[in-house]
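Chain by chain, the residues run as shown.
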Amino acid sequence: MPTDTAVVLAAGEGTRLRPLTRNRPKPMLPAGNRPILEYVLDALIEAGIERICLVVGYKRSRVQEHFGPTYRDVPIEYVVQSKQLGSGHALQQVEEKLDGSFVVVNGDRVIEPSIVTDVLEASETADAATLAVLERPAANRYGAVVMRDSTIVELIEKPDDEYRLVNGGVYVFDQRIFDALSEATRRSGSLLLTDAVDLLIYEATVRGVRTEGLWADATYPWDLLTVSRALLERGLIDGDHPETDVWVADSAIINENATLQPPVVIGPDCELGPGSVVGPNVALGRNVTIGANTTVESSVIDTDTRIGAGSTLLDCVTGQDVALGAGTIVPGGPADVQINESLFRDEHLGAVFADRVQSGGGVRCKPGALVGTNARIGTGVVVDGHVPERAEVVR
């Protein structure tokens, strides 16, 4: 079923990634040192897509200002989901702009182009839908599929451990999906795309395509570390000078006495001081400064962050415009982390510093600390648990 049009669902916030999503939507969080959404659009374009409809909602200006009217010479048409009422509702906002078949992907999950290509090549004219199916050990986190030959016969929302095939969230639909969406029952006011696919399974042919490749989702803050590590290990970082597994932008300034331990990516306009050690598994965004004699390992450090001299950061995620004072210590996980009402045990997370956090010198974070946007941490403070946004914490 040939198509050159794709719909990207990128309207959600990503509440389980707070406080990092306080100022931007989940698709704009960093995967390595680029937004997740860039990888999604790259995958579509490399699979032959020539027109993109991007459904935006929460903090949509962050998406629109970053990408503009085109990306890699492919036109982008923005459609606003004014209220986040589910993935099915998001797709309904684009109905009048679509004719024939089209691709649908989630904008908050890193995928390789081969996954999109496999779905496009397998799709047939008679199919109401074709979807990517991947084998993963944690099907209970994504929703399982049951296949008979190449046909999907059931979607299971909350599977147990015996299921290994998951719905990859990459689809080709024809116009019948909109009839199914109009018939699907809303849950607590939300219309889910998978509920419409459930209806199609009983009314038409829904084809499943077994596929492989990088398929990485960041549901919780520590997942950003896992996604970054996967990109680095697979060499899927877009750097100016690939040298085996070290990527350094042309404009970066690396002191001759600094050490890069691969895999690592250093973004544009970064500066690494003497005696600093960066890597392995580190991604530095644009304009990051690492002070002298500072060690950063297994971390994602976002744009405009400053890390003072003599610091040690392990398993750390920062937002944008963060300033950490000299001698900051983040010893790394494992940790028990409280996300909303849920407690997650033994997660590999040192600390999260959301956008515009500032700290004085000698701050030490206990594993699993979450520091909200615009928080101020005084000199010598020990950070434990969650620090609310705009809080001022003194010793």
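- The name given to the chain in an unreviewed UniProt entry is Bifunctional protein GlmU, with the source organism recorded as Halocatena salina.

### Describing a negative patch on the surface
Argument step 1. On the surface, Glu95, Glu96, Asp179, Glu183 and Glu203 cluster together to form a negatively charged patch.
Argument step 2. The exposure class assigned to Glu95 is partly exposed, which follows from its relative accessible area of 36%.

### Let's talk about the pairing of strand β1 (residues 5-10)
Argument step 1. Within β1, six of the six residues are buried, which leaves it mostly tucked inside the rest of the structure.
Argument step 2. The two faces of β1 match: Thr5, Val7 and Leu9 on one face and Ala6, Val8 and Ala10 on the other face are all buried.
Argument step 3. Strand direction decides the pairing type here: β1 and strand β4 (residues 51-56), joined by six bridges, are parallel. The residue of β4 that forms the bridge with Val7 is Cys53.
Argument step 4. As paired elements, β1 and strand β7 (residues 102-106) share four bridges and run parallel to each other. Bridge pairing in β7 links Val7 to Val104.

### Description of the confidence of the model for the chain
Argument step 1. Confidence in the prediction for the chain averages 90 pLDDT; 96% of positions are at 70 or higher.
Argument step 2. Counting contacts from residues 239-243, a segment whose pLDDT is below 50, to residues more than four positions away or on other chains yields nine contacts.

### Some points on the side chain of Asn281
Argument step 1. Mapped onto the elements of the fold, Asn281 is located in the loop between β21 (277-278) and β22 (282-284).
Argument step 2. Residue Asn281 is classed as buried on the basis of its relative accessible area of 15%.

### So, the packing of helix α1 (residues 36-46) against helix α2 (residues 60-67)
Argument step 1. The N-to-C vectors of α1 and α2 enclose an angle of 55°; their axes lie 12 Å apart at closest approach. The angle between α1 and α2 places the two elements in the oblique class. Of the two elements, α1 crosses α2, and the hand of that crossing is right-handed. Within the contact between the two elements, α1 uses Leu37, Glu38 and Leu41 and α2 uses Val63, His66 and Phe67.
Argument step 2. Residue classes in the contact of α1 with α2 are distributed as four nonpolar, one polar and one charged.

About the thresholds
- Residues numbered from 1 in each chain as written.
- Predicted model: local features only at pLDDT ≥ 70, side-chain atom pairs only at ≥ 80, totals over all residues.
- Heavy atoms only, no water.
- Patch = residues over 30% accessible without salt bridge, like charges linked within 9 Å, V, L, I, M, F, W, Y side chains within 5 Å.
- Areas by Shrake-Rupley, 256 points an atom, 1.4 Å probe, with all protein chains shown as cover.
- Salt bridge = Lys/Arg side-chain N within 4 Å of Asp/Glu carboxyl O.
- Lys, Arg positive; Asp, Glu negative; His and termini not counted.
- Charge placed at Lys NZ, Arg CZ, Asp CG, Glu CD.
- Buried < 20%, exposed > 50% of the residue type's maximum accessible area, 1.4 Å probe, protein only.
- Helix = DSSP H or I, 4+ residues; strand = E, 2+ residues; numbered from the N terminus.
- Pairing = 2+ DSSP bridges.
- pLDDT = per-residue confidence, 0-100.
- Contact = heavy atoms within 4.5 Å.
- Axes fitted to C-alpha atoms, helices over the stretch in contact; angles between N-to-C directions.
- Parallel < 35°, antiparallel > 145°, perpendicular 65-115°, else oblique.
- Left-handed = near helix turned anticlockwise from the far one by under 90°.
- Nonpolar A, V, L, I, M, F, W, Y, C, P; charged D, E, K, R; others polar.

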